[in-house]
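The primary structure of each chain is shown beneath.
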Amino acid sequence: MRVLDTAVITQLGTDLGDRAFVDQFVGTYLRMLPGRVGRVLTALEAEDHDDLMDAVLSLRTSATTVGAVALASLAQDVEQHVRAGDTVGARRAVRRLSSTAQQTCQALAGVAS
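My aim in this report is to walk through the structure given alongside it, one point at a time. Along each chain, numbering runs from 1 in the same order as the chain's sequence is written. This being a predicted model, a pLDDT of at least 70 is required before a residue's local features are given, and a value of 80 or more before pairs of side-chain atoms are given or counted; all residues contribute to the totals for chains, interfaces and linings. Only hydrogens and water are set aside; all other atoms, that is, all heavy atoms of the structure, feed into the side-chain values.

Looking now at the overall build of the chain. For the chain, the count of helices and strands is six helices and zero strands. Helix and strand assignments follow DSSP, with helices taken as H or I runs no shorter than four residues and strands as E runs no shorter than two, numbered in order from the N terminus. The helix and strand sequence of the chain, counted from the amino end, reads α-α-α-α-α-α. Here the chain has a C-alpha radius of gyration of 14 Å; the compact-globule value for 113 residues is 13 Å, and the two agree. When its C-alpha atoms are laid out on the principal axes, the chain stretches across 45 × 25 × 20 Å. Looking at the chain as a whole, 38% of its 113 residues are labelled buried. By the convention used here, residues are in contact when the closest approach between their heavy atoms is within 4.5 Å. The contacts in the chain between residues at least 6 apart in sequence include a share of 64% that link residues at least 24 apart. Carbon and sulfur atoms form 52% of the exposed surface of the chain, whose accessible area is close to 6100 Å². Radius of gyration here is computed from C-alpha atoms only, and the compact-globule reference equals 2.2 Å multiplied by the residue count raised to the power 0.38. Whether a residue is buried, partly exposed or exposed follows from its accessible area with a 1.4 Å probe, protein chains only, as a fraction of its type maximum: under 20%, in between, or over 50%, in that order. Methods summary: accessible areas were calculated by the Shrake-Rupley approach with a probe of 1.4 Å, and residue burial reflects only the protein chains presented.

A cavity, in this analysis, means grid points on a 1 Å lattice covering only the protein atoms where a 1.4 Å probe fits yet has no way out; a pocket is instead an open set bounded by protein on both sides within 12 Å along at least five of seven lines, and a residue lines either one if it has an atom within 4 Å of a point. Grid points are joined across faces, edges and corners, and a volume is the space filled by probe spheres set on the points. Counting across every chain of the model gives one cavity of 30 Å³ or more. Space inside the largest cavity adds up to approximately 30 Å³. Leu44, His49, Leu52, His81, Val82, Gly85, Asp86, Thr87 and Ala90 are the residues that line the largest cavity. The set of elements that each furnish at least two residues to the lining of the largest cavity consists of helix H3 (49-66), helix H4 (69-83) and helix H5 (87-94). Looking at the lining of the largest cavity, its residues break down into four nonpolar, four polar and one charged. Only Asp, Glu, Lys and Arg are considered charged in this grouping, and only Ala, Val, Leu, Ile, Met, Phe, Trp, Tyr, Cys and Pro are considered nonpolar; every other residue, Gly among them, is considered polar.

Secondary-structure assignment places Gln103 in helix H6 (residues 97-109). Judged by its relative accessible area of 40%, Gln103 falls in the partly exposed class. C-alpha of Gln103 to C-alpha of Leu71: the two residues are 32 residues apart in sequence and 9.0 Å apart in space.

As a further point, take H4. The α-helix winds at 3.6 residues per turn, so residues separated by three or four positions along the chain end up facing the same way. One fewer than the residue count of a helix, multiplied by 1.5 Å, yields its expected span. Across its 15 residues, H4 extends 21 Å between first and last C-alpha, which sits within 8% of the 21 Å expected from 1.5 Å per residue. Packing partners of the buried residues in H4 comprise helix H2 (19-46), H3, H5 and H6. Once H4 finishes, Gly85 follows within two positions and takes phi at roughly 75 degrees, a positive value.

Another point: the side chain of Asp5. By the secondary structure assignment, Asp5 is in the segment before helix H1 (6-16). For the purposes of these results, a polar contact is taken to be a pair of N or O atoms within 3.5 Å, where, inside protein, one atom must be able to donate a hydrogen and its partner to accept one; residues adjacent in sequence count only when each atom of the pair is a side-chain atom. Separated by 3.1 Å, the side chain of Asp5 and the backbone nitrogen of Ala7 make a polar contact. Sequence-distant contacts of Asp5, defined by excluding residues within four places in its chain, comprise Gly67 and Val69.

Another aspect to go through is the packing of H2 against H5. Geometry is summarised by axes, namely lines fitted to C-alpha atoms with helices restricted to the contacting stretch, and by angles between N-to-C directions that run from 0 to 180 degrees. Closest axis-to-axis distance for the H2/H5 pair is 11 Å, and the angle between their directions is 150 degrees. Comparing their axes, H5 and H2 come out roughly antiparallel. Viewed along their axes, H2 and H5 form a crossing whose handedness is left-handed. Within the contact between the two elements, H2 uses Val40, Leu41, Leu44 and Glu45 and H5 uses Ala90, Arg91 and Val94. Here the contact of H2 with H5 is composed, by residue class, of five nonpolar, no polar and two charged. Note on terminology: angles under 35 degrees are roughly parallel, angles over 145 are roughly antiparallel, angles of 65 to 115 are roughly perpendicular, and the others are oblique. For any pair of crossing helices, the crossing counts as left-handed if the nearer helix is rotated counterclockwise from the farther one by less than a right angle, and right-handed if it is rotated clockwise.

The following block contains the structure:
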């Protein structure tokens, strides 16, 4: 699966008519991503299913907004495991979260102006 769908960022720039704002938005996303990933990890370790669900939904939604398709898909996978009460499956999916987030950062850094 590809890491990034750059067409999403291009479309966002077209819709907003302001590429500088899109670049700023991507920069903000990149700064917030480690905290979002950390929140998922912390909630999983604490077995706080409500916070885990909130953290995963935040991660998935923000990833979708910037076209981070691999990260959004992985977050959706975690979400499905949490909804099913499958902690083992959620933990297995979360193991890939940090590396996928890192790949996403690298891909987005190459897109931002």
